[in-house]
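# Structural overview for review
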Amino acid sequence: MRASLLQIDVNEGESVESRRSRVAALVREQAGADLVVLPELWTTGAFAYEGFGSEAEPLEGPTYEVMAKAASDAGVWLHAGSIPERAPADSGSATGDGPLYNTSLVFSPSGELAAAYRKIHRFGFDKGEAVLMAAGEDLVTVRLPGTTLGVATCYDLRFPELFRGLVDAGAETLVVPAGWPERRRAHWTLLAQARAVENQAFVLACGTAGTHAGVPQAGHSIVVDPWGEVLAQAGAGEQVLTVEFDPGKVALTRDQFPALKDRMLGLAAPRR
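Everything in this summary refers to the structure shown in the same document. (Residues numbered from 1 in each chain as written. Predicted model: local features only at pLDDT ≥ 70, side-chain atom pairs only at ≥ 80, totals over all residues. Heavy atoms only, no water.)

When helices and strands are tallied, the chain shows seven helices and 14 strands. Taken over the C-alpha trace, the chain has a radius of gyration of 18 Å; the compact-globule value for 272 residues is 19 Å, and the two agree within 12%. On the principal axes, the C-alpha backbone points of the chain span a range of 55 × 45 × 40 Å. As presented, the chain carries roughly 11,400 Å² of accessible surface, and 51% of it is formed by carbon and sulfur atoms. The chain carries 24 positive and 34 negative side-chain charges, and their two centres are separated by 6 Å. (Helix = DSSP H or I, 4+ residues; strand = E, 2+ residues; numbered from the N terminus. Rg over C-alpha atoms; globule rule 2.2 N^0.38 Å. Areas by Shrake-Rupley, 256 points an atom, 1.4 Å probe, with all protein chains shown as cover. Lys, Arg positive; Asp, Glu negative; His and termini not counted. Charge placed at Lys NZ, Arg CZ, Asp CG, Glu CD.)

Here it is in structure tokens:
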């Protein structure tokens, strides 16, 4: 399988519309890849909290439309990163606005929406995303030819129980778009490798580059194999990180070193 991670430079000097068009062109350039992955909140910036409300879109809004077309034009599976989604308001809403979610979109090579994932763990410690956005509730997997994706987003990477749930649901390749800050870059690499090792799965973690809302981004998107070995890692700036990997290595690793069968805790753990 050939995967391309698009480490997008998100900066305040470029409009959302311009960035959306530029990124769509980059996706089209990946024709021939099996899977293309974009970062978290690349339209607005993951730390640009003040713009979440004004830049929020319905699920099938402008980013959806542009990315669906780009996936179809390139003939690729596209994890289009995430958008600030404005969900429909319920009948009891006092303001007329529905809740905000940090929502990832996955498109098939025909441009159809294959899955949407609302981020479960919101970052901010009682400010920013943690108070502006609602929490998702559902684990999401997507079946591709040759592998099953498990979908998570940025701060989710710090919560191993989510990834265990994805593995129990059949995930073999864990995809993590992010807007991870440079000051915690060491954690980014460490946690990506840990999630790969403990779940005996590939991890494809795609971050943003640049600086937005005054927060330098880590970049350094990374692909890790089921043994925790780094297959490829980007630098700090905008770039396309392309890697070929064998999805069959997941089953082989789990067979050669069947640690998952020795789980003793959790509802999904087999009885011994």
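Before going further, it helps to examine the packing of aromatic side chains. In the structure shown here, the tally under the stated rule is eleven aromatic pairs. Seen in terms of ring centroids, Phe202 and Phe245 are 4.6 Å apart; in terms of plane orientation they differ by 45°. Their pairing is tilted. On the criterion of sequence distance, the pair formed by Phe202 in strand β9 (residues 202-206) and Phe245 in the loop between β14 (239-244) and α7 (248-256) is long-range, its members being 43 residues apart. With respect to burial, Phe202 and Phe245 carry one shared label: buried. Through successive ring pairs, a cluster of aromatic residues spans Phe47, Tyr49, Phe52, Phe123, Phe125, Tyr155 and Phe159. (Phe/Tyr/Trp six-rings, centres within 6.5 Å; stacked < 30°, edge-to-face > 60°. Buried < 20%, exposed > 50% of the residue type's maximum accessible area, 1.4 Å probe, protein only.)

Of all hydrophobic cores here, the largest spans 46 residues; its most connected members are Leu5, Leu35, Val142, Phe163, Trp180 and Leu204. A per-element tally of this core places β9 first, with five residues. For Leu35, the residues in contact, after removing those within four places along its chain, are Arg2, Ala3, Ser4, Trp77, His79, Leu144, Leu149 and Leu204. (Core = buried A, V, L, I, M, F, W, Y, C linked by side-chain atoms within 4.5 Å. Contact = heavy atoms within 4.5 Å.)

With that out of the way, let us pick up the packing of helix α5 (residues 160-168) against helix α6 (residues 185-199). It is the contact of α5 with α6, at a shortest axis distance of 10 Å, that shows an interaxial angle of 40°. Here α6 runs oblique to α5, going by the angle between their axes. The interaxial crossing formed by α5 with α6 has right-handed handedness. Residues Pro160, Phe163, Arg164 and Val167 of α5 lie in contact with α6, whose contacting residues are Arg195, Glu198 and Asn199. Per-class residue counts for the contact of α5 with α6 are three nonpolar, one polar and three charged. (Axes fitted to C-alpha atoms, helices over the stretch in contact; angles between N-to-C directions. Parallel < 35°, antiparallel > 145°, perpendicular 65-115°, else oblique. Left-handed = near helix turned anticlockwise from the far one by under 90°. Nonpolar A, V, L, I, M, F, W, Y, C, P; charged D, E, K, R; others polar.)

Further remarks concern α5. Among all positions in α5, only Leu162, Phe163, Gly165, Leu166 and Val167 are buried. Among the structural elements, β5 (113-118), β6 (140-144), β7 (147-151), β8 (173-177), α6 and α7 are those in contact with the buried residues of α5. Immediately downstream of α5, the backbone of Gly170 shows phi near 110°, a positive value.

Moving on to the sheet that holds β6. Pairing is mixed in the open sheet, where six strands are placed in the order β6-β7-β8-β9-β12-β13. Every interior strand has two partners, whereas the edge strands, β6 and β13 (230-233), have only one. Sheet twist, expressed as the mean angle between neighbouring strand axes with direction ignored, is 15°. For β9 and strand β12 (residues 222-224), the ladder comprises three bridges, and the chain directions are antiparallel. Paired with Leu204 across the two strands is Val223, which belongs to β12. Sheet strands in contact with α6 are β8, β9, β12 and β13, and its direction is about 25° off that of β12. (Pairing = 2+ DSSP bridges.)

The subject of this paragraph is the pairing of β9. Among the five residues in β9, five count as buried, and that is most of the element. Burial along β9 is two-sided: the face carrying Phe202, Leu204 and Cys206 and the face carrying Val203 and Ala205 are both buried. Here β8 runs beside β9; their pairing, made up of five bridges, is parallel. By the bridge assignment for β9, Pro177 is matched with Cys206. One crossover worth recording links β8 to the parallel β9 by way of α6, and it is right-handed. (Right-handed = clockwise from strand over helix to strand, strands pointing away.)

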